[in-house]
Each structure stands twice: as structure tokens, then as C-alpha cells.
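This is what each chain is made of:
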Amino acid sequence: MSQRFIEFFKRYDFSFIGSMSAIFLVGILNLYSATHAQAHDGLDDLYKSQLMWFLISVTVAVGISFFNPKTFERFSYAGYALTLFLVFLVMLMGKVGMGAQRWLVIGPIRMQPSEFMKMGLVLAMARFFTKVNPERELGFKELILPGIIVMVPAIMVILQPDLGTGMLLLFIFAMMIFYKRLKWKTIATLGVIGVVSGVLMYNFGLREYQRKRIHTFIDPYEDAKGSGYNAIQSEIAIGSGRLFGKGFKNSSQASLNYLPENHTDFVFAIFNEEHGFFGSVFLIILYLVFFMRLIWLASSVQRFYDSVLVIGIMSIFFWHTFINMSMVSGLLPIVGIPLPLMSYGGSSMLTFGVGVGIATSISNSRNFFN
Amino acid sequence: MFGEEELVKIHKERATLISYIITAAFGLILSRLWYLQVYKGETLHNYSIQNRLRKEVVWAPRGLIYSRDDQLLVDNIPRFDAILTPQFLMDKEETLGKLSRILDIDMDSIKSILKKNSNQATYRPIIIKKNISFEELAQIETQNADLPGVSVDTFISREYRDKEVGAHLLGYISEISQTQLPKLRERDKMDYRLGDFIGQFGIEEQLDKYLRGENGHEFVEVDARGRRKRYINTDNLFKGIEDEKPVLGMNVKLTIDRDMQIAAFDALKDKVGGVIALDIDSGEVLTMVSRPSFDPSQFSRGLTPEYWRSLITNKEHPLRDRNIQEHFSPGSTFKAITGIAAFEEGEIDENTEVFCNGSFRLGRKVYHCWKRAGHGPTNLVKAIRESCNVYFQKAANRMDIDTLAKYAKAFGFGTRTGISLPREVAGLIPTKEWKKKRYGQEWQPGETLSCAIGQSYVLASTIQLASAYAAIANGGKIYRPYVVKDIYDTNGELVKTFTPEVLSKLNMKNPKTLKFVREGLYQVVNNPKGTAWYRRGQGILMAGKTGTSQVRSASADKVYAKCENMDYEYRHHALFVGFAPYDNPKIAAAAIVEHGCHGSSAATPVVEAVISQYMKKYHPDIYLKNLDKDKVLRDNWIRSLKAQAPAPAEELDE
């Protein structure tokens, strides 16, 4: 019995849960630092509920890791349909309640279905690409069906309105079709079409007030002047950290409340201010290790479905991380995309847990069933 | 066909590419961080430590509000608060000591203020003393260098020149609260922020989008001692830093006359009620006052909890407007409408005589006249003059309620007048169908009798009464009452002007109808037997009608009980509606005095004061001529009194 138990532990892949825990540890310390001075806004207890969400997510991850990966494949479309239904429900309730609506409230639980939609999309794509011409390189024609699978939820999310998450779905899709060997010619054509039409639309197709409307569309309650200001304060916070940072709990920009969303979208700025360039190098390495391990896993599995699924999961977290870091440091406009495991938020944490659970399950299947 | 493992293998190349892409992406971020933290690090560090760049809102001055005679009613006045930012304090004891001497408050109370706010972030300024004087301001400014952390916060206070006078009309502005924020954003599609000021009542609410203007912003640098200076973007470090000047709010000119407002407010002194006056040829509201009132200036500063509590615990409800937001039984003032209806329907004419013996029996129920002994033989003019219940009940008994309702509705009762002020009430004119719907019961003929004298289900507001009497005076035109004359932009250019709007024109079938009703109304005030003779004032030759609105329906034994002997909350509301001058009408006015008992003694003087002020100011020549006419009237009366045996000078009840 104990022999089997030890054997099980030897074969169980702890790398994903471990990696998740490491980033989370940095994240919760940073969250505590960012919010401890904000008792007047009632934010100083946020880290406790963040910790609770982490424990729930790890439990979910461990639970999922005991599933056979074939189960995921079987329930791929069902998962997609379920999350799509939830997003639709939010849209419906948003209509009733007037105004932007991203939350679904069921009793005491508030959840953000667009968060789970990402996972639903990845599952469906993995299944589709495994079943339909898995060996072919993709051209335009092969993109029509998957295009529909992604556009339906993307448009629904954009209409919520949550342009940030809607774009994210498209980015995740893009990385998955890239992995599924999109023809280089198609990539080039798509790229050119995208860039040219985007630039043309923005510069000639839109009037000034429409451009402004796009800005407010991205975040309805953030006027163009205001968001520029946040970006500036964010850059000041990052820059003032210099090489070594001001030290734990010493962020002046954070406690000065110059950064309005410092516990969600701008945690990375606070981290930079307190831990400087070297701190960021450390944090980015933690993320890189996690992503590289996932990519490695994608190439080491026996089943193609698992491989595509792992790439999908990886791209969810990669895009979150990349977009958030870019916007906070002024490379991209401010859109409300949280930094995985660092930003406060239960739904996004739970998605992470599910992703890690699936990855662990897939990795374990290599060891257990070989 | 490929096997599963081959499939994975042929995609390995792409997986490698993806890992390169990801590495490159993070490389990009790291290089950006290097640029910010190392290359620009020193500069940005200085910004965060020594100079704190802030974007501050520059509030747009709100538009001013003027009266019709160009007197300023609502103004913006700069006020100053002494504030302290704990973050910038150096030698706490020394600074606080100096501050306490300048502001003349002792150290302990300053410390207790600081202590009370000690749980908030140290960069947040704390108000030490509100509304400091110019001397205190000057001292703080000159000793600025010795007072690190102390500064002066300027704000523009919305000041209402006559404070409580017409507060319900002008309204107030106050900060948007947490609960209001989402609703207002949805309603106005505006990007409001917490703490923005917005009109929340009266004109301030209704014309908010004109008065508001558009806030600007400026960037300021705050140095280590808490001093501010304008930020000048010299090193081009930041993009998008540009000051924006505020756009001033538009000025508004009302139809209201300030002197009449004050006269009305004084006339309502120690009373609970309201008065409204309309120009009968345009529907312009000349006066609109309600008491008890409140000081709207207090709202623009953020109410003190004590003041707010005093407003909401006051049993008389100072926040409630008595002219458009309240309705009540119009009582005998409604008899004019009943008279018109019966006359037009041909049920009565000027010669129809009814014998009033003090009561009227219909079925098993007896309806009493207010005068126990009865009025004897009574025609229309006398019935109006002496407010005989029996006459109008008998007249109404020949019609049915729906006919009466048709005329009442034609005079604007039962619907909102459409004045552009928030929360107007509609009043109520019952019909058979209405009762069926509301109570599921058939209409009782006896109810018609009560409605005919303005009791039972009938409800009206003073604005409806004034508007209806204006129509009686002007030959049947119902105007939409309005309070805003013009809106000007800051250059004095006219943006919008409001003109009279005739809502409906009543076509009288019988040309004699209005003539005899007017004659009755004239005699109410100008005939010694009229119910308002003793309170008619001088030189205005007013026509009108008194009224008493029963608060609780009185049982038979209470009908003749003296109103003053009842408990205050059971006393009748007193009403008066009138127009003037009788022969060339210009103005109509209606007043209600809650629990005032008698229309004549409580409400008539209020209307009289408003109309007197109007006549003296706008028609002094007519006023003088009417003074003479008035004198003749009075002399005749005195002569007749001397000729007869002196009658007991009793106060008439209705």
C-alpha cells in the first residue's frame, strides 16, 4: 500500500502546482503590500479572500488532476456550450439590469463567465483540431468553422461590453491556430489584412468622436484623459523602483492612491516600484518557467488532443500576463486585463486552477499509463 | 494517416517557435522596464519622491440665476478652507501651534480633528477649519514657508441670495452619492464621478445641463512641503499632459420676480403653506414660494448631519414643495368651476334662484351648508359671494359627475400643468369610470354633491387653481406655466428663450357664463357681504374665492365646531385663489395655508400681499386709480353701516 503511495507521489507531476504556488506567493505578498494602507477604502482585507480563492483553486487543480485526460476530450463541446450559455445569460441579465454587466450572481456566488469562456473555447478548439484533418496545414477554408466557434463568444463578450476579454479570445485563438500549423502564406495574408484594415479604419474610417467612443468602449467609465493619467502614474511607479526597488510595503505611488486599480490591473506597477528591475526579472522568470514547462508538455504527450489543449491553456495565461505587463508599462493602451495570480480576483484564479489541474492530469497520464 | 504520436511530432516545430515568441515577448517587456527603471529611473524617482504630479479638477463655475427683473438670485462665491496634509508635516507641534493662533482654535481640537482622521492615508488633506476669513487666508498664505503641510483649499460655494425664499423653486446642488452614481450615469449618459456636484432639486435639477458647464483639469506638482505649482511639461517625459480650461455654465433668467418672492415669503411667515402667482396672459410664474423652507446654500457645502436631521425630523416637512408637489381638496375654490359647468350646461342661469335653508337632503343623507341658518333665496352671484354650499349642490345634482369632470378637466384639473419642474403632482378629478376602476364600486349621486364643493375625491394643487382662475380671468385660455424666461451663454448671447404656450382654449357656449362667475368672484372680495371683504387689501380690486379644505371629514356634530378649538392637525387648510385687477386682469394667484382654518383670514392676505407688490411694481398707474375706486367702495360701506343699526362685526367663516 505505502509502496504504491510512494510510487504515486514519485510519478505525480507537482511542477505545475508548484509553479502556480510560487507565483501566487509573490502575488499575495504584493497584494498585501498594495492594499495594507487602504483601510479607509475597505481594501486591507483583500489578501485574505485572495488566499481563500487560492486554496479553493489548488483544491480544484488537484481534483482535476485525477481525471483521465480522455474525459476532457469527451466533454469538450459540452464545456464550450455550458460556458457559452453562461455568457449568454449574463448578456440577457445585463439587458434587464441596464448597463454593462460582466457578473453572474447566483445566490452568494458572483462569477464572471467570460473568464470561464476562455477555457471553454480552448477545449472546443482542441477537440475540433484533433478530429478534423489533424495532419493538414490550415488555409482560409479550414478556418471557417473554428472561426465561427470563436467569433460567437467573442462578439457576445465584446457586446457586454468587455472589448479586452473579447480581444483576448481572439488572441488565444490565434496562438492555437498558429500551433495547429496555419500556412505561412495564410499567416502573412491575415497579418497584412489585419494591420492595414485596422490602421485605415482608425485613421480614416472613424471620426474623432468615434475614436473617443472606442476608447470609452474599452472601458466605459474611464475617459480618455483619465486613462492617460493612470498610465503616467503607472510609469512613474515602475520607473521610481529603479534597479532594486523601494522595498516591501514601501510603494509611495500605491499608498498615495495615485493608481486607482492598484489591487487589480496595476499590481505589476506596485511590484516594480517595490522590487525594482531585478524583482521583475525574477517574477518574469517564474512566469517563463511555467510557460516553458507547458510548451515542453505539449511536445511530450502521446495524444494530439492533449497537446493542443496544453498549448491553449498556455496561451490563455501567456496573453493575460503579456497584455497586463505591457499596458502597465505603457506599451499598450489600458484595458482591464488582470495579471494571473497577482491581481485580485476569484474567477481568474479559479480558471488558473482549472488550467493547472488539466495540465497536471495530462502530464500524469504520461507517467501512469506508459 | 498519421498516428497520434506522429501528429504531436510534426507540431513540435511550431511549439519551439511559440517558445521563441514568448521569450521575445518577455524580452520586450524587460527592455521596456529597463528603459523606465534604469534609463529614466532617476527622473521618475524624483517625480515619485519629491514632486508629486497630480491632475486636479478645475471646477466649471456654475451658471448664475437671475430674476425677471435682472436681480441676482443664485451666485457663486469663492470660499476657503484651511487644510492640513499630514504627510508634509515636519515639526508637528510648532506647525499646529502657529495654525491654532492664526485660526483661533485651540491645539487640542486641531489634534482631535487629526486623530479622528488618522486612519486615512497621510497624503489626504484634512479640513481643519471651514470657510475661513480673508485675514486668516492672508496669514496662512504669507506664512506659507513656516507652515509645511498647511494650505488653503479654494472652492466655489453656491450661494442663494435670499436663502430660504423660494428654495423649493430654485432647488439645490449637492454631491453625487455612491448610491446615486450608477443611476445618474445611466440616466444622463454622463461620465459622472463620485463627489461631482449636480442639481438635485428645482431649477438646479431641471436646468442642470445648461447650468453645469464642463469641468477642466490642470496638472500640478506638489513639492515635499505640500506646496503646489503648475506643472510645465518641459522635458517631454509624459505624453498627453495638457491642461484644459473649464467651460463656464450658462446663465438663466427666470420669470420670477424677486420682490414678489420676498413679499410672499414674508406673508407666509409663521405659516405652513405655499403661494404661486401667474401672469394670466402668458403663464409665466411670477412667484412661487413654500414654507417652511430650507437654506439651499447648505447643500452645496455638504450638509452637516445636524442640519439634515433638523430637516427630515421637522413635522412640517421643509423639503416638501406646497405648490406643485402637493395636492389637497380645493374646497369652495372649486365652486367657480361647478358654477361654470352648470351655467354652460344650461342647468342654471343668472336668475336661477335656490332657497338655502341651511341644509340639503338627498336620499337619507343631509348635506349641511356652512351657514347653519341658511342663505335664504340665493342666485349664482350671491352663491359665489357667500359661498353657499346648497346652491352648488343643487346645481350639481342636476348634472352628473362626468359632466362636472369634463369642465374641471378642461380647466386643467386632474392633469399636470406641464410646468418644467420635477415631481409635479396631477391632482384628481373623479369620474364614474375612475371609481369603478379604483374601488370597483358604482358612483353614488351623493358623492357628486361633495365633489361640487371641492371635497371628497377632488384634489388640486395651487398651481392648478391659479392656472384655472387665470383662464377664468383671460377668457378661457390655459397656458403651460413656465419659470424660465431665457438662457444665456457666458458671452451674453441668447441660447434659448421660452415663449408662452397655449395648451387649450375653452370655448364658452354661453357668453354670460364667465361674466357672472367673475361678478360673483368680484363680490367675494369687494362686497361687504363677501367672504373675503375684511381681508381685501387696498388698491388691487381683486376678484377671488376663499376655500376651506377639510383635513378629516367632519361628522355632523363637528360641522359647526369652531376650527380654532380643534387639535392643530385636525384644523382645516385655508385657501384663496384670485386674480386682479377685476376689470383688467393681469395676475392670478393661489395660496394654501395648512391648518389655517379660514380661507379669508389665513390665505387671502397672502395672495393680497403678492398681488399688491405686483401692482405697485408693474402697474403703478392702475394701482393708484384703483386706490381711488377702493376708497369709494369703503366710504359707501361706512355710510351704509351708519345708516343701519351697527351689525356685529363677525368674522365670516368661509
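The coordinates are above.
As a starting point, this report considers the structure included with it. Just so we're clear, the structure is a prediction, and the values are computed from it rather than from any experiment.

Comments concerning the overall build of chain A
For step 1, the next point in the chain: Counting its regular elements, chain A contains 15 helices and 2 strands.
For step 2, the next point in the chain: Residues classed as buried in chain A amount to 55% of the 370 residues present.
For step 3, the next point in the chain: Sequence-distant contacts in chain A: of pairs separated by 6 or more residues, those separated by 24 or more amount to 77%.
For step 4, the next point in the chain: Within the structure as shown, chain A displays about 15,600 Å² of accessible surface, and the carbon and sulfur contribution to it stands at 69%.

Examining the environment of P125 of chain B
For step 1, the next point in the chain: Within the secondary structure, P125 of chain B sits in the loop between helix 5 (107-116) and strand 4 (126-129).
For step 2, the next point in the chain: Separated by 28 residues in the primary sequence, P125 of chain B and D153 of chain B have C-alpha atoms spaced 9.4 Å apart.

Here's the deal with the pairing of strand 10 (residues 251-254) of chain B
Residue and element names in this part refer to chain B.
For step 1, the next point in the chain: Side-chain alternation along strand 10 places N251 and K253 on one buried face and V252 and L254 on a second face that is also buried.
For step 2, the next point in the chain: In the sheet, strand 2 (residues 65-66) pairs with strand 10 via 2 bridges, with the strands oriented parallel. When the sheet's bridge partners are listed, Y66 is paired in strand 10 with K253.
For step 3, the next point in the chain: Here strand 10 pairs with strand 18 (residues 484-488) via 4 bridges, running antiparallel. Among the inter-strand pairings, K253 is bridged to a residue of strand 18, identified as D486.

Let's talk about the sheet that holds strand 12 (residues 285-291) of chain B
Sheets are built from strands paired through backbone hydrogen bonds, the pairs being either parallel or antiparallel.
All names here are of chain B.
For step 1, the next point in the chain: Strand order in this open sheet of 5 strands is 12-11-23-22-21, and the pairing throughout is antiparallel. The sheet is open, and its two edges are formed by strand 12 and strand 21 (543-549), each paired on a single side. Between one strand axis and the next, the sheet turns through 5 degrees on average, direction left out of account.
For step 2, the next point in the chain: Strand direction decides the pairing type here: strand 21 and strand 22 (residues 573-580), joined by 7 bridges, are antiparallel. Bridge assignment links T548 to a residue of strand 22, and that residue is A574.
For step 3, the next point in the chain: Here helix 20 (residues 462-474) sits on the sheet and contacts strand 11 (273-279), strand 21, strand 22 and strand 23 (587-593); the angle it forms with strand 23, its principal contact strand, is near 150 degrees.
For step 4, the next point in the chain: Strands strand 21 and strand 22 of the sheet are contacted by helix 21 (residues 512-526), whose axis makes an angle of about 75 degrees with strand 21.

Quick notes on unusual backbone geometry
Residues and elements named next belong to chain B.
For step 1, the next point in the chain: P292 follows R291 through a cis peptide bond whose omega is 0 degrees.
For step 2, the next point in the chain: Among the secondary structure elements, P292 is positioned in the loop between strand 12 and helix 12 (297-300).
For step 3, the next point in the chain: The omega angle of the peptide bond from A580 to P581 is -15 degrees, so this bond is cis rather than trans.
For step 4, the next point in the chain: Note that P581 resides in the loop between strand 22 and strand 23.
For step 5, the next point in the chain: Positive phi, close to 60 degrees, is recorded for D270, a residue that is not glycine.

Side note on empty space enclosed by the protein
In this approach the atoms are scanned with a rolling probe the size of a water molecule, which exposes any empty space left behind.
Residue and element names in this part refer to chain B.
For step 1, the next point in the chain: Applying the stated criterion to the full structure yields 5 cavities of 30 Å³ or more.
For step 2, the next point in the chain: Volume-wise, the largest cavity comes out at about 70 Å³.
For step 3, the next point in the chain: Around the largest cavity sit L73, D162, K163, V165, L169, L170, I256 and Q261, which together line it.
For step 4, the next point in the chain: For the lining of the largest cavity, the class distribution of residues is 5 nonpolar, 1 polar and 2 charged.

Regarding the pattern of salt bridges
Close approach of charged atoms lets side chains of opposite charge pair.
For step 1, the next point in the chain: In total, this model carries 37 salt bridges over all chains according to the counting rule given.
For step 2, the next point in the chain: D306 of chain A is paired through a salt bridge with R303 of chain A; the nearest N and O atoms lie 3.0 Å apart.
For step 3, the next point in the chain: The exposure class of D306 of chain A is buried, given its relative accessible area of 3%.
For step 4, the next point in the chain: For the salt bridge of E94 of chain B with K98 of chain B, the shortest nitrogen-to-oxygen distance reads 3.1 Å.

Overview of the packing of aromatic side chains
For step 1, the next point in the chain: Considering all chains together, one arrives at 43 aromatic pairs over all chains under this definition.
For step 2, the next point in the chain: Arranged with centres 5.9 Å apart and planes meeting at 80 degrees, the rings of Y172 of chain B and F294 of chain B form a pair that is edge-to-face. Note that Y172 of chain B is positioned in the loop between helix 7 (167-170) and strand 6 (173-175) and F294 of chain B in the loop between strand 12 and helix 12, a separation of 122 residues in sequence.
For step 3, the next point in the chain: Ring geometry for F294 of chain B and F299 of chain B: centres 5.6 Å apart, planes at 75 degrees, overall edge-to-face. Accessibility classification places F294 of chain B together with F299 of chain B in one group, the buried group.
For step 4, the next point in the chain: Linked through ring pairs, F16, F171, Y287, F290, F291, F317, F318, W319, F322 and F352 of chain A together with F26 of chain B together constitute an aromatic cluster.
For step 5, the next point in the chain: Here the basic side chain of R14 of chain B rests over the ring of W184 of chain A, its NZ or CZ set 4.8 Å away from the ring centre.
For step 6, the next point in the chain: Cation over ring: R291 of chain B sits above F265 of chain B, and NZ or CZ is 3.7 Å from the ring centre.

Here we look at a nonpolar patch on the surface
For step 1, the next point in the chain: Together, I144, L145, I148 and V152 of chain A make up an exposed nonpolar region whose accessible area comes to about 360 Å².
For step 2, the next point in the chain: For V152 of chain A, the location among the structural elements is in helix 7 (residues 144-158).

Description of the environment of E141 of chain B
For step 1, the next point in the chain: By the element assignment, E141 of chain B lies in helix 6 (residues 134-142).
For step 2, the next point in the chain: Here the alpha-carbon distance between E141 of chain B and V152 of chain B, two residues 11 residues apart in the chain, equals 7.9 Å.

Focus on the packing of helix 8 (residues 163-179) of chain A against helix 2 (residues 12-39) of chain B
Packed helix pairs are characterised by how far apart their axes lie and by the angle those axes make with each other.
For step 1, the next point in the chain: Interhelical geometry of helix 8 of chain A versus helix 2 of chain B gives an angle of 140 degrees and a closest axis separation of 9 Å. Considering the angle they form, helix 8 of chain A stands oblique to helix 2 of chain B. In contact with M175, F178 and Y179 of chain A of helix 8 of chain A, helix 2 of chain B contributes R14, A15, L17, I18 and I21 of chain B.
For step 2, the next point in the chain: Its residues assigned to classes, the contact of helix 8 of chain A with helix 2 of chain B comprises 7 nonpolar, no polar and 1 charged.

Digging into the nonpolar core
For step 1, the next point in the chain: The biggest cluster of nonpolar side chains holds 130 residues, and the ones touching the most others in it are F411 and F413 of chain B.
For step 2, the next point in the chain: Contact partners of F413 of chain B, with chain neighbours within four places excluded, come to F334, I337, A408, I429, A460, Q464, L465 and A468 of chain B.
For step 3, the next point in the chain: One finds M20, V301, I313 and M349 of chain A within the second-largest nonpolar core, a separate group that totals 108 residues.

Let's talk about helix 11 (residues 258-267) of chain B
Residues and elements named next belong to chain B.
For step 1, the next point in the chain: In terms of burial, helix 11 is a largely internal element, 7 of the 10 residues being buried.
For step 2, the next point in the chain: Elements in contact with the buried residues of helix 11: strand 3 (72-84), helix 7, strand 11, strand 12, strand 23 and helix 22 (599-618).
For step 3, the next point in the chain: Capping the start of helix 11 is the job of one residue whose side-chain oxygen sits 3.0 Å from the backbone nitrogen of D259: D257.

Rules and cut-offs
Residues numbered from 1 in each chain as written. Chains lettered and ligands numbered in written order. Predicted model: local features only at pLDDT ≥ 70, side-chain atom pairs only at ≥ 80, totals over all residues. Heavy atoms only, no water. Helix = DSSP H or I, 4+ residues; strand = E, 2+ residues; numbered from the N terminus. Buried < 20%, exposed > 50% of the residue type's maximum accessible area, 1.4 Å probe, protein only. Contact = heavy atoms within 4.5 Å. Areas by Shrake-Rupley, 256 points an atom, 1.4 Å probe, with all protein chains shown as cover. Pairing = 2+ DSSP bridges. Axes fitted to C-alpha atoms, helices over the stretch in contact; angles between N-to-C directions. 1 Å grid on protein atoms, 1.4 Å probe; cavity = no way out; pocket = protein on both sides within 12 Å on 5 of 7 lines; lining within 4 Å. Points joined across faces, edges and corners; volume = space filled by probe spheres on them. Nonpolar A, V, L, I, M, F, W, Y, C, P; charged D, E, K, R; others polar. Salt bridge = Lys/Arg side-chain N within 4 Å of Asp/Glu carboxyl O. Phe/Tyr/Trp six-rings, centres within 6.5 Å; stacked < 30°, edge-to-face > 60°. Lys NZ or Arg CZ within 6 Å of the ring centre and 35° of its normal. Patch = residues over 30% accessible without salt bridge, like charges linked within 9 Å, V, L, I, M, F, W, Y side chains within 5 Å. Parallel < 35°, antiparallel > 145°, perpendicular 65-115°, else oblique. Core = buried A, V, L, I, M, F, W, Y, C linked by side-chain atoms within 4.5 Å. Polar contact = N/O pair within 3.5 Å; in protein donor to acceptor, adjacent residues only side chain to side chain.

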